[in-house]
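Chain by chain, the residues run as shown.
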Amino acid sequence: MSPRVPSMPETILLVEDKDVLREMVRAALTQAGHAVEEAPDGATALAKIRTKRFPVILTDLKLPGPSGLDILRAAKELDESVAVLIMTAFGSVDEAVTAMKEGALDFIQKPFEIPHLLLLVQRALDDQARLRVNLLWQEETVSRYGLASIISEDESMKEVEKAVSRVAPTGATVLLQGESGTGKELFARALHGLSPRRDLPFVTINCAALPENLIENELFGHEKGAFTGAGSRKIGKVELANRGTLFLDEIAELPPPAQAKLLRVIEEKTFERIGGTQTISVEVRIVAATNRPLREAVEKKEFRDDLYFRLAAFPVEIPPLRRRGRDVLLLAAFFLEKYAREFSKPRAEFSPAAQEMLLSYSWPGNVRELSNAVERAVILADSLIIAPENLVLGFLSKSSSTAPPPGFDLSGSLTEATERAVMGVERAKISQALEEARGNRTLAAEKLNISTKTLLLKLRAYGLGS
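One structure accompanies this document, and this report is about it. The structure displayed is predicted, hence computed values, not measured ones. (Residues numbered from 1 in each chain as written. Predicted model: local features only at pLDDT ≥ 70, side-chain atom pairs only at ≥ 80, totals over all residues. Heavy atoms only, no water.)

1. Concerning the overall build of the protein
A count of helices and strands for the protein gives 18 helices and 16 strands. Counting all 466 residues of the protein, 47% fall into the buried class. Taking as baseline every contact in the protein between residues at least 6 positions apart, the subset at least 24 positions apart corresponds to 71%. Just so you have it, the protein exposes about 22,800 Å², and 54% of that area is on carbon and sulfur atoms. (Helix = DSSP H or I, 4+ residues; strand = E, 2+ residues; numbered from the N terminus. Buried < 20%, exposed > 50% of the residue type's maximum accessible area, 1.4 Å probe, protein only. Contact = heavy atoms within 4.5 Å. Areas by Shrake-Rupley, 256 points an atom, 1.4 Å probe, with all protein chains shown as cover.)

2. Some points on the packing of aromatic side chains
The final tally for this structure, using the stated rule, is seven aromatic pairs. Ring geometry for Phe-202 and Phe-247: centres 6.3 Å apart, planes at 20°, overall stacked. Residue Phe-202 is located in strand β7 (residues 202-206), and its partner Phe-247 is located in strand β10 (residues 245-249); the two are separated by 45 residues in the primary sequence. Considered together, Phe-202 and Phe-247 belong to a single accessibility category, that of buried residues. (Phe/Tyr/Trp six-rings, centres within 6.5 Å; stacked < 30°, edge-to-face > 60°.)

3. Examining helix α1 (residues 19-31)
In a regular helix each residue adds 1.5 Å, so 13 residues correspond to 18 Å; α1 covers 18 Å between its end C-alpha atoms and thus fits that length. When we look at burial in α1, the residues that qualify are Leu-21, Arg-22, Val-25, Ala-28 and Leu-29. One side of α1 carries all its buried residues, which in axial view fall inside an arc of 135°. Among the exposed residues of α1, those pointing more than 90 degrees away from its buried face are Asp-19, Val-20 and Gln-31. Once α1 finishes, Gly-33 follows within two positions and takes phi at roughly 100°, a positive value. (Expected span 1.5 Å × (residues − 1). Arc of directions from axis to C-beta.)

4. Thoughts on the packing of helix α2 (residues 42-49) against helix α3 (residues 68-78)
Direction vectors running N to C along α2 and α3 enclose 5°, while the axes themselves pass 10 Å from each other. Judged on the interaxial angle alone, α3 and α2 are roughly parallel. The residues of α3 that touch α2, namely those facing Gly-42, Ala-45, Leu-46 and Ile-49, are Asp-70, Ile-71, Ala-74, Ala-75 and Leu-78. The residue inventory of the contact of α2 with α3, partitioned by class, reads seven nonpolar, one polar and one charged. (Axes fitted to C-alpha atoms, helices over the stretch in contact; angles between N-to-C directions. Parallel < 35°, antiparallel > 145°, perpendicular 65-115°, else oblique. Nonpolar A, V, L, I, M, F, W, Y, C, P; charged D, E, K, R; others polar.)

5. Looking at the pattern of salt bridges
Taken as a whole, this structure holds 29 salt bridges when the rule is applied. For the salt bridge of Arg-292 with Glu-253, the shortest nitrogen-to-oxygen distance reads 3.3 Å. On the criterion of sequence distance, the pair formed by Arg-292 in the loop between β13 (285-290) and α11 (294-299) and Glu-253 in the loop between β10 and α10 (256-268) is long-range, its members being 39 residues apart. Here the residues in one salt-bridge network are Asp-19, Arg-22, Glu-23, Arg-26 and Glu-38, joined through shared partners. (Salt bridge = Lys/Arg side-chain N within 4 Å of Asp/Glu carboxyl O.)

6. A short note on the pairing of strand β6 (residues 174-177)
Side chains of β6 alternate between two faces, with Val-174 and Leu-176 and Leu-175 and Gln-177 buried alike. Direction of pairing for β6 relative to β13: parallel, over a ladder of four bridges. Across the sheet, the residue bridging to Gln-177 is Thr-290, located in β13. (Pairing = 2+ DSSP bridges.)

7. Looking at the sheet that holds strand β3 (residues 56-60)
Sheet architecture is open: five strands sit in the order β2-β1-β3-β4-β5, paired in parallel fashion. Edge positions in the sheet fall to β2 (35-39) and β5 (106-109), since each has one partner strand and no second. On average, each strand axis in the sheet is tilted by 20° relative to the strand beside it, whichever way the strands run. Note: strand β1 (residues 11-15) against β2, five bridges, orientation parallel. Following the sheet pairing, Leu-13 is matched in β2 by Glu-37. Packing of α3 onto the sheet brings it into contact with β1, β3 and β4 (83-88), and relative to β3 it is tilted by some 160°.

8. Topic: the pairing of β4
Most of β4 sits out of view: six of its six residues are buried. Alternating positions in β4 separate into two faces, Ala-83, Leu-85 and Met-87 on one and Val-84, Ile-86 and Thr-88 on the other, with burial throughout. The pairing of β3 with β4 spans five bridges and is parallel. Paired with Ile-57 across the strands is Val-84, a residue of β4. The handedness of the β3 to β4 crossover, carried by α3, is right-handed. Direction of pairing for β4 relative to β5: parallel, over a ladder of four bridges. Note that in β5 the partner of Ile-86 across the bridge is Phe-107. (Right-handed = clockwise from strand over helix to strand, strands pointing away.)

9. A look at the nonpolar core
By size, the foremost hydrophobic cluster in this structure holds 35 residues, and its most contacted members are Leu-219, Leu-246, Leu-248, Ile-251 and Phe-303. If you list the elements that add at least two residues to this core, you get β7, α8 (212-220), α9 (237-240), β10, α10, β13, α11 and α12 (305-311). Top contributing element to this core by residue count: α10, with five residues. Residue contacts for Leu-246: discarding those within four places in its chain leaves Val-203, Leu-219, Lys-237, Val-238, Ala-241, Val-284, Arg-285, Ile-286 and Val-287. The next biggest cluster of nonpolar side chains, apart from the first, holds 24 residues, and it includes Leu-336, Val-378, Ile-386 and Leu-391. (Core = buried A, V, L, I, M, F, W, Y, C linked by side-chain atoms within 4.5 Å.)

Spelled out as structure tokens, the structure:
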């Protein structure tokens, strides 16, 4: 069995003005394996929480200067998810109840038993761990895949599986290269599932799916007040992936400023949130993917060469479906059973003619396109045999919406008329590519030989977005 990644303890903030009690609690927490920072008064505690995130704060209610209630309010204003535990003397229970109404997780009455205190702290940390996972699951269902999920009998795919199996336990940065729809995310999840990090977060981000001005915020997060609308601290994907795996899809679309920050994460394992001054340390494995040659982007000065060499420490080329021989039929049978089960239909079979049709098609959209084709076939089929007429492959609409206009408006200057003509042809070409790709924007951008980000901008400009 592969060794687990050592657990890095979260830091607890302990706020207590009585030196003897503070030292006793600190010693107990440290002995239990927790990292602890101390504050002897409310002012010191407030200064600390404004520069560093503490998942759990253990504070006395009565303090010199700002009270434990003030610390609770300030901490919750900065980060609503923080867990605050209140220590209170016998006569202050009513105030502790008030604190719980304002968001404190629990309170413990002095004098207390150390084992009871440790139990409350551990429960708070466990709640934080569950919250961390839930934050990720709000955006996607995080599933762990092993190579058993990759269906193939092709020799080139077997070589890829061997490479993934070898590199998975090492923690090395991996660059997955291949056409759109070849299953790069599936291999990224396999890398995570076969690694010692398998029980830790797997976090994904599509670098082309976000506007350039939001990508850094998504990756690195921000502090409260960093910009207009930043009402509270936001934890970025890099921090959420700490000790786990961060999968960066379409890495070629990462803008230059974010490239520099990502290089620092790889080399120094540190970063700062937007608007922040605190240097945050992370231990995260980077797996990147691209559907266009990253080396070409380096040569065109669109991608940093130093970041490329870091990412390509272990490159893996995933072959397209058209080069995988009879894997097409294996995968088609898998999808046929999957969609029959989903749609509560009897399991069907492909006719010999349909199998020949599947084998002879080039599958520009690869496994994703095959999945879509089989799903449609299951819906369209009226019998237990999937016939060629049930398979819609390489469909190109002949509707006038995708054809260039029959004539151009020649009014105005040459420049104006040319611009109108170019826009008309460009709009028609984009519409055509989208129909060929069945709405898959990444595949459409690949057909047009432009980036996904450029395509999204043109879709908005021509009102083609949905």
